[in-house]
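# Structure at a glance
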Amino acid sequence: MAVYRLFLCFLIFSFALNQTLSYEEDDSPITRFQRYLRFKTAHPNPNYTAPVSFLVDQAQSIGLTARTIEFVPGKPVLLLTWLGSDPKLPSILFNSHLDSVPAEGEKWIHPPFSAHRTDDGRIFARGAQDDKCIAVQYLEAIRNLKSKGYSPVRTVHISYVPEEEIGGLDGMAKFAVSPEFRELNVGFAMDEGQANPGDEFRVFYADRTPWKLVIRAQGPPGHGSKLYDNGAMENLMKSIELVTKFRETEFDNVKAGKAANSEVISVNPVYLKAGIPSPTGFVMNMQPSEAEAGFDVRLPPLADPDLMKKRIAEEWAPSIRNMTYKIEEHGPMRDILGHPIMTPTNDSNPWWSIFKQAVEAVGGKLAKPEILASTTDARYLRQWGIPVLGFSPMSNTPILLHDHNEFLKDSVFMKGIEVYESVISALSSFEGPSRQVN
Ligand code: ZN
């Protein structure tokens, strides 16, 4: 019996030892990244509960305070804080979004929420680039800084917000206008950027503002055989010609290398709606009395929104041709001081210089600062005059956000942690004058 008990003890002991060893082997920055990638955070039903509780556990394991704020039930904003030695100084905020766009699993070589790591180190997952990488890198960088005994002067916050991929209205838009946000006294913030196939890191100082434009034409209906003036289709087609001409002029600047894609106003037709339906398709011998077209319009920060509205009202949808229009503006064009919403990337902005030096200190190279062609949550922060840089340290990486087979290489992920260690320590130890309103 005693021998049997001894044997049982031995079994339990070796099992426990094994568990501890494999747990240690399993718990590394890469495996923590993989665990975070496996949460099913894709729209239309993103799971926010599980990733938030994972992040809270991670935060507590490295001594950060965690707070969850729900501006909209079921859509949490998670805020982690590393208190600085001089909490009166404006703080630094690192942001990422919790949600992801959907993925068509059958078109992927590895399932999109498997976080499968290939022999050559590629980790496949929806969100690997956009933007779960930075979410985990922020924490890993702080973990390393803490283990080296670093403590910040300025307070460092990390925010994890919901709903970015569907416009951020129930996420950052609400957080950025809340008293909780004001209390943070944010002096500088960083948000997501994009990958670069080359060996430089891209950095973004502004987003374009999206407008959804719908123009409608009305006119007398008529027989399909009749030639007459001011039909709805004729008027809409005239407008489309003018829009096309404008689009070509803007695009020519891009083709000629005079401007980047994100520096011009893009106007792209996204739908056309007209005609009278019939059981076999459309009635062909009748000219309809209504016609409509929808456009995706993106304005860079220096574009003049009033001039654009005037053009739409007078040229593209003039009432004189029985036309009307509707513009749905997504986000502001000017900050609270009436300035274009962009963060200076020159020596006038001390944060820029510190950031740049910190990246270079670990051997990183920055590409020429860019305007992002699309939109991120950064605009809700820049709107307050807070300088924000969009940055995800992914060089030598194909741009795969929202694409099939999104992946990030383990070595690129690890390098990013080193970059953030340098960036977080440099920014949070900066003691100079800091609230820089552009
Ligand atoms: Zn994103």
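A quick note: this is a predicted structure, and the numbers were derived from the prediction, not measured.

### Notes on the overall build of the protein
- Helices and strands together make up the secondary structure of the protein, namely eleven helices and 19 strands.
- Reported as C-alpha extents along the three principal axes, the dimensions of the protein are approximately 105 × 60 × 40 Å.
- Classification of the 438 residues of the protein by burial places 51% in the buried group.
- In the structure as shown, the protein presents an accessible area of about 20,600 Å², 56% of it carried by carbon and sulfur atoms.
- Of note, the protein has its 45 positive side-chain charges centred 1 Å away from the centre of its 53 negative side-chain charges.

### Considering the domain arrangement of the protein
- What the domain assignment lists for the protein is domain 1 (27–207 + 340–428) and domain 2 (209–299 + 303–329).
- Once you take the C-alpha centre of each, domain 1 and domain 2 turn out to be 38 Å apart.
- Taken residue by residue, the interface counts six residues in domain 1 and five residues in domain 2.
- Summed over both partners, the interface of domain 1 with domain 2 buries about 470 Å², with 48% contributed by carbon and sulfur atoms.
- Broken down residue by residue, the surface that domain 1 buries against domain 2 is led by Ile-371, Ala-373 and Thr-375, which jointly contribute 66%.
- Counting the contacts that link domain 1 with domain 2 gives zero salt bridges.
- Put simply, domain 1 and domain 2 have two residue pairs in polar contact (both at pLDDT 80 or more) between them.
- Here the residues of the side of domain 1 that touches domain 2 are counted per class, giving three nonpolar, two polar and one charged.

### With respect to the coordination of the zinc ion
- Taken together, His-97 (NE2), Asp-130 (OD), Glu-192 (OE) and Glu-192 (OE) make up the full set of protein donors to the zinc ion, lying 1.8 to 2.7 Å away.
- Each of the four donor atoms around the zinc ion contributes to a set of angles spanning 52 to 150°, which defines the coordination as irregular.
- In the primary structure, the donors to the zinc ion are separated according to the pattern H-x32-D-x61-E. Linking His-97 in strand E3 (residues 91–97) with Asp-130 in the loop between strand E5 (122–124) and helix H4 (132–147), this pair joins segments that are 33 residues apart in sequence. Each member of the pair, His-97 together with Asp-130, is buried.

### Focus on the pattern of salt bridges
- This model, assessed by the stated rule, comprises 23 salt bridges.
- In this structure, Lys-107 engages Glu-104 in a salt bridge whose closest nitrogen and oxygen atoms are separated by 2.7 Å.
- Ionic pairing is found between Glu-418 and Lys-415, a salt bridge with its closest N-O pair at 3.3 Å. Here Glu-418 and its partner Lys-415 are both found in helix H11 (residues 410–428), three residues apart, which amounts to about one turn of the helix.
- Given the relative accessible area of 35%, Glu-418 is considered partly exposed.

### A word on helix H2 (residues 29–37)
- For H2, a buried count of seven out of nine residues is recorded, marking the element as mostly surrounded by other parts of the structure.
- Taken together, the buried positions of H2 are occupied by Ile-30, Thr-31, Arg-32, Phe-33, Gln-34, Tyr-36 and Leu-37.

Thresholds applied
Residues numbered from 1 in each chain as written. Predicted model: local features only at pLDDT ≥ 70, side-chain atom pairs only at ≥ 80, totals over all residues. Heavy atoms only, no water. Helix = DSSP H or I, 4+ residues; strand = E, 2+ residues; numbered from the N terminus. Buried < 20%, exposed > 50% of the residue type's maximum accessible area, 1.4 Å probe, protein only. Areas by Shrake-Rupley, 256 points an atom, 1.4 Å probe, with all protein chains shown as cover. Lys, Arg positive; Asp, Glu negative; His and termini not counted. Charge placed at Lys NZ, Arg CZ, Asp CG, Glu CD. Domains from an automatic or database assignment. Contact = heavy atoms within 4.5 Å. Buried area = accessible area lost by both parts, 1.4 Å probe. Salt bridge = Lys/Arg side-chain N within 4 Å of Asp/Glu carboxyl O. Polar contact = N/O pair within 3.5 Å; in protein donor to acceptor, adjacent residues only side chain to side chain. Nonpolar A, V, L, I, M, F, W, Y, C, P; charged D, E, K, R; others polar. Donors = N, O, S within 2.8 Å, 3.2 Å for Na, K, Ca; no water. Tetrahedral: all angles 85-135°; square planar, octahedral: opposite > 155°, others 65-115°.

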